[in-house]
Amino acid sequence: MLEETLILFRNIRNPDYDKSLKGYKKAGGLKALKQALEMQPDEIVQLTKDSGLRGRGGAGFPTGLKWSFMAKDTGKPTYLVCNADESEPGTCKDRELMLHDPHQFLEGMMISCLAIGCRHGYIYVRGEYWPSIKSLNAALQELYDDGILGKKLLGKGPKLDLTVHPGAGAYICGEETALLDSIEGKRGHPRVKPPFPAVSGFNACPTTVNNVETLTCLPFIVNEGAEAFKAFGPENNAGPHLISLSGHVNKPGVYEVRLDANLKDIIYDFGGGIPNGKQLKGVIPGGASSSVLTADEIDVTYSFDALAQAGTMMGSAAIMVFDEDTDVVKLLHRIVRFFSHESCGQCTPCREGTHWARMIIRDFLNGNGNEHKLKRLHRVGGNMMGTTVCALGDACGMPIQSFTTKFADEFRDVQALAA
Ligand SMILES: Cc1cc2nc3c(=O)[nH]c(=O)nc-3n(C[C@H](O)[C@H](O)[C@H](O)COP(=O)(O)O)c2cc1C
Ligand code: SF4
């Protein structure tokens, strides 16, 4: 039987936990920040590299390595921007951290600011997350009132300010360069790269964008060391990870898992299996952008590398489960409709492709599908991948290609039923 690791959720799972600054300190909080203040920035970067921490925002990029790309000696300020947009369908883990243990996340953010020499960090929070925005602002006020943030970090370190910036509810503003445009007051359009944010990011200054959960791992890494963090997963897949489990499971929720847990066990142990004794039909393992797995493909380790080997991805670790009664054509239509609506429209393959795909799937639902349209749908999905400015094209192409391959017969059945 799988059990939660309780590293990031250590406080949240404690029913007596008081999330105020006083309560956080009582639970051992801020020790890591004090320790980080005694370290050189390069030491924190090296420790993070050694820990094997990979970004929790979707791409799984090594965090310490990303920090080491920051342009040095430019004469410009450097920025850390936290991506709290959490807009990938099915994902709700960052919300838990910001809402129920804001100080652990903010401690991680302060340590990360020290690592990259940032003196003013921004937290870009999804527009709909008002309770999280309120929780973060209250926690920041406590840090300023206590003299932890402001002119001297912890009363003896460098100046550090943190600002919460609410978004306006656009999925594309979770893409890091669109997010930076949005903070700058522009329309959120992904930028053509290079230059990457590490060279020219917020206000054309060196910038790192990191996810909330990524930054929340830092207090544990500094307190317990790189080896302790690595112990929570197989080689190259370090640390505990928060998963958002939803759909047809008896116990949906956010759970903290080791990265050597099995996906099947996650669904049946944490999720309590499929309601009403139904059979499993499939699983979307890493948010709407990831390739679907059929019921007989779920006996796989839930790690970055094992999922990639299985032809899908960890993404934002949002696991969406669907049972035998689910109409997968309708399901794919729902996913593609989302991407079509959220496309910013600047690249033709994405702007047109998401729309065409939506129209073709609608044809199937209306009884106007055929074998030729099934092939065309598959091809339109493929043509969006790797041909666009940002990864939204791939995000829509992957479900299209995997659903039309693995559930091709269901498209034929729905057509036969509708005709
Ligand atoms: C369309 C799109 C939406 C994204 N949405 C989010 C998001 O909501 N939250 C997030 O952390 N990363 C999101 N990302 C990934 C970010 O661009 C970026 O890689 C991430 O914030 C980096 O943080 P990490 O290195 O800590 O993972 C999105 C990417 C794309 C292409
Ligand atoms: S892929 Fe889509 S969302 Fe991304 S930049 Fe191009 S049009 Fe915009």
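Owing to the predicted nature of the structure, the values given are computational and were not obtained by experimental measurement.

*Asks:* Help me out: how do you make sense of the overall build of the chain in this one?
*Replies:* Looking only at helices and strands, the chain has 18 helices and nine strands in total. In terms of overall size, the chain behaves like a compact globule, its C-alpha atoms giving a radius of gyration of 22 Å where 419 residues would be expected to give roughly 22 Å. Along the first, second and third principal axes, the C-alpha atoms of the chain reach 75 × 45 × 35 Å. A total of 419 residues make up the chain; the buried ones form 53% of that total. A sequence separation of at least 24 residues applies to 70% of the contacts in the chain between residues at least 6 apart.

*Asks:* Looking at this structure, I do not really get the nonpolar core. What am I missing?
*Replies:* Soluble, globular proteins show a tendency: their nonpolar side chains are buried together. The biggest cluster of nonpolar side chains holds 123 residues, and the ones touching the most others in it are Val81, Ile111 and Ile266. For this core, the element with the most residues is helix H6 (residues 102-116), which contributes nine residues.

*Asks:* Looking at this model, I keep getting lost on the site of ligand 2. Mind explaining?
*Replies:* Around ligand 2, a shell composed of 14 residues is seen, among which Cys344, Cys347, Cys350, Thr388 and Cys390 lie nearest. Put simply, the parts of the chain that give the shell around ligand 2 at least two residues each are helix H15 (348-365) and helix H17 (392-406). Residue classes in the shell around ligand 2 are distributed as eight nonpolar, five polar and one charged.

*Asks:* Teacher, can you tell me more about the sheet that holds strand E3 (residues 161-166) here?
*Replies:* Note on sheets: strands pair through backbone hydrogen bonds, and any given pair is parallel or antiparallel. Spatial strand order, E3-E2-E1-E4: four strands in an open sheet with parallel pairing. Every interior strand has two partners, whereas the edge strands, E3 and strand E4 (207-211), have only one. Within this sheet the neighbouring strands show an average axis-to-axis angle of 20 degrees, counted without direction. Pairing geometry for strand E1 (residues 79-84) and E4, over five bridges, is parallel. Opposite Leu80, over in E4, you have Thr208 as the bridge partner.

*Asks:* In this structure, what is going on with helix H16 (residues 371-384)? I would like to understand it.
*Replies:* The periodicity of an α-helix, 3.6 residues per turn, causes residues three or four places apart in sequence to face the same way. Here H16 contains 14 residues, and its C-alpha end-to-end distance of 21 Å stays within 8% of the 20 Å for a straight helix at 1.5 Å per residue. If you check which residues of H16 are buried, you get Leu377, His378, Val380, Gly381 and Met384. In an axial view of H16, the angular spread of the buried residues amounts to 160 degrees, which keeps them on one side of the axis. Away from its buried face, by an angle of more than 90 degrees, H16 presents the exposed residues Glu371, His372 and Lys375. Here the buried face of H16 lies against H15 and H17.

*Asks:* Help me understand the domain arrangement of the chain, please; the structure alone is not making it clear to me.
*Replies:* Many analyses report the size of an interface as the accessible area lost when the parts associate. Its domain assignment divides the chain into domain 1 (21-230), domain 2 (241-323) and domain 3 (328-418). Distance from the C-alpha centre of domain 2 to the C-alpha centre of domain 3: 22 Å. Along the lines of polarity and charge, the residues of the side of domain 2 that touches domain 3 split into three nonpolar, four polar and no charged.

*Asks:* For this particular structure, what's the right way to read the site of ligand 1?
*Replies:* As a matter of local geometry, ligand 1 sits amid 24 residues, with Gly55, Gly57, Gly174, Asn211 and Thr214 nearest to it. Counting residues per element, the ones that place at least two in the shell around ligand 1 are E4 and H17. Top element by residues in the shell around ligand 1 is E4. It accounts for three residues. Looking at the shell around ligand 1 residue by residue, the class counts come to eight nonpolar, nine polar and seven charged. When residues of the shell around ligand 1 are assigned to domains, at least three fall in each of domain 1 (21-230) and domain 3 (328-418).

*Asks:* Hey, could you run me through the sheet that holds strand E7 (residues 280-284) in this one?
*Replies:* Taken in spatial order, the five strands of this open sheet run E6-E5-E9-E7-E8, and their pairing is mixed. Strands at the two margins of the open sheet, each flanked by one partner only, are strand E6 (253-257) and strand E8 (293-294). Sheet analysis places E7 next to E8, joined by two bridges and oriented antiparallel. If you follow Val283 over to E8, its bridge partner there is Leu293.

*Asks:* Can you help me understand the packing of helix H3 (residues 41-51) against H6 in this one?
*Replies:* For any two helices packed against each other, the geometry is given by the interaxial angle and the distance between the axes. Relative orientation of the contacting elements H3 and H6 amounts to 115 degrees, with a least axis distance of 7 Å. Our pair here, H3 against H6, has a crossing hand that is left-handed. Of the residues in H6, those in contact with Pro41, Ile44, Val45 and Thr48 of H3 are Ile111, Leu114, Ala115 and Ile116. In terms of residue class, the contact of H3 with H6 is built from seven nonpolar, one polar and no charged.

*Asks:* I'm lost on the environment of Val209 in this one. Help?
*Replies:* One can find Val209 in strand E4. Along the backbone, Val209 and Lys19 are 190 residues apart, and their C-alpha atoms lie at a distance of 26 Å. In this view, Val209 contacts Val81, Asn83, Glu176, Leu179 and Pro197; residues no more than four positions away in its chain are not counted.

Procedures and definitions
Residues numbered from 1 in each chain as written. Chains lettered and ligands numbered in written order. Predicted model: local features only at pLDDT ≥ 70, side-chain atom pairs only at ≥ 80, totals over all residues. Helix = DSSP H or I, 4+ residues; strand = E, 2+ residues; numbered from the N terminus. Rg over C-alpha atoms; globule rule 2.2 N^0.38 Å. Buried ≥ 20, exposed ≤ 12 C-beta atoms within 10 Å, placed from the backbone. Contact = placed C-beta atoms within 7 Å. Core = buried A, V, L, I, M, F, W, Y, C linked by C-beta atoms within 7 Å. Near = placed C-beta within 6 Å. Nonpolar A, V, L, I, M, F, W, Y, C, P; charged D, E, K, R; others polar. Pairing = 2+ DSSP bridges. Axes fitted to C-alpha atoms, helices over the stretch in contact; angles between N-to-C directions. Expected span 1.5 Å × (residues − 1). Arc of directions from axis to C-beta. Domains from an automatic or database assignment. Left-handed = near helix turned anticlockwise from the far one by under 90°.

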